[in-house]
Amino acid sequence: MIRVILNGCNGKMGRVLAKLINEEKNMEVVAGIDREVDKFENTFPVYSNIFSCLEKGDVLIDFSHPSTIKNTLDFCVETKTPIVTATTGLSGEETALFVEASKSIPVFQSSNMAVGISVIIDLAAQAAKVLGNTFDIEIIEKHHNKKVDSPSGTAYMIANALNETFQQKKEYVYGRHGKEDQRTENHIGIHAVRGGTIVGEHTVIFAGPDEIIEIKHTALSKDIFALGAIRAAKFILNKKNGYYNMNDLIK
C-alpha cells in the first residue's frame, strides 16, 4: 500500500485527489496538510503545520500555494519523503528550492500534470523546429475566474519548450495594447483569458503566409490533473534522488 501525504488537501485539487486516491487499490491518504483544518470531514488527520504531521508517507503530493513551498520541501528532506508537486505561480527562487531539494530526495515537478499537455508540448516543439522563423507564434491560455496567477505555468512550459528550439531566443510579449505595439518575428505572444468555470485550455497558434496551424489541449475536468499526479507518485517511488518532470514520465 502506497501511503500518501496530501498537501493542500482541502483545496479544489486536493479534494479531487483524495477522492481518486481512495479509489486506487494500492494507495491511501494517511495525512493531509491544509491551513483550513476543519473545512471538510476527512477520513485522515489534517494538520495546519506540516511539521506536526506524525504519519509517515511514502510520497507527498503537493497542490498548495507558493508560500508553503519552503516548509514543504524542508519537511520532505528531513523525513526523506519523495515529493510530487504541481503548485504554480512559483518565482525563480522558489523553483531553485526544488532543484536544491532534489539532491537529497526524488522531486517530481510539473506545472501541469495532464499527460496530454506533455504531448502537445512535444508536437509544438516539433512544429517550431520545422517552421522556424517563417511563422509567428501565439499562445492563448484560458482558465476559470478564480485563478490568480497569469499567464499560467503551463503557458510558460509551452513557451520555454518552443524557445529551446531556436538558436536566438524569442521575447515573450504578454497581450498587446496601443497603436505602436507591432509584432516582430522575435516575439512569442502569450495571452491569458479568465472567465467562468473553464478548467483549462491551451492553444498554440503558428500563423504563416496564407496558412495557420493550431495545436490545442482542453481539460474537461480536474480529474486529469489528479490522475497525472497519482501516476507521477507511483513513478517516483523507487527513483534515485534527482529532479524529474513529465518528460521523464512519458518516455
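Residues numbered from 1 in each chain as written. Predicted model: local features only at pLDDT ≥ 70, side-chain atom pairs only at ≥ 80, totals over all residues. Heavy atoms only, no water.

**Some details on the sheet that holds strand E1 (residues 2-7)**
If you walk across this open sheet you meet the seven strands as E3-E2-E1-E4-E5-E6-E12, and the pairing is parallel. Edge positions in the sheet fall to strand E3 (46-47) and strand E12 (242-244), since each of these pairs with one other strand and no more. Here E1 pairs with strand E2 (residues 27-33) via six bridges, running parallel. For Val4, the partnering residue across the bridge sits in E2 and is Val29. (Pairing = 2+ DSSP bridges. Helix = DSSP H or I, 4+ residues; strand = E, 2+ residues; numbered from the N terminus.)

**Description of the nonpolar core**
Judged by nonpolar contacts, the single largest core of 57 residues is most densely connected at Leu17, Ile61, Val84, Phe108, Met113, Leu162 and Phe206. The element contributing the most residues to this core is helix H6 (residues 223-236), with eight residues. Residue contributions to this core reach at least three from each of two domains, namely domain 1 (2-109 + 222-250) and domain 2 (115-219). Discounting residues that sit within four places of it in the chain, Val84 has contacts with Val59, Leu60, Ile61, Asp62, Phe108, Met113, Ala229, Ala232, Ala233 and Ile236. Membership of the second largest hydrophobic core comes to 17 residues, among which are Ile5, Val30, Phe75 and Phe98. (Core = buried A, V, L, I, M, F, W, Y, C linked by side-chain atoms within 4.5 Å. Buried < 20%, exposed > 50% of the residue type's maximum accessible area, 1.4 Å probe, protein only. Domains from an automatic or database assignment. Contact = heavy atoms within 4.5 Å.)

**Concerning the UniProt feature "binding site: NADP(+)" (unreviewed entry) in the chain**
Those places that UniProt annotates as "binding site: NADP(+)" (unreviewed entry) correspond, in this numbering, to Arg35. Residue Arg35 is classed as exposed on the basis of its relative accessible area, which comes to 76%. (UniProt positions renumbered as here; feature names shortened; annotations may be inferred.)

**Quick word on the sheet that holds strand E7 (residues 136-143)**
With mixed pairing, the five strands of this open sheet are ordered in space as E8-E9-E7-E10-E11. Edge strands, defined here as strands with exactly one partner in the open sheet, are strand E8 (171-174) and strand E11 (211-219). Between one strand and the next, the sheet's axes are offset by a mean angle of 20 degrees, whatever the strand orientation. Relative to strand E10 (residues 200-208), E7 runs antiparallel, the two being bridged by seven bridges. Counterpart to Lys142 in the pairing with E10 is Glu201. (Axes fitted to C-alpha atoms, helices over the stretch in contact; angles between N-to-C directions.)

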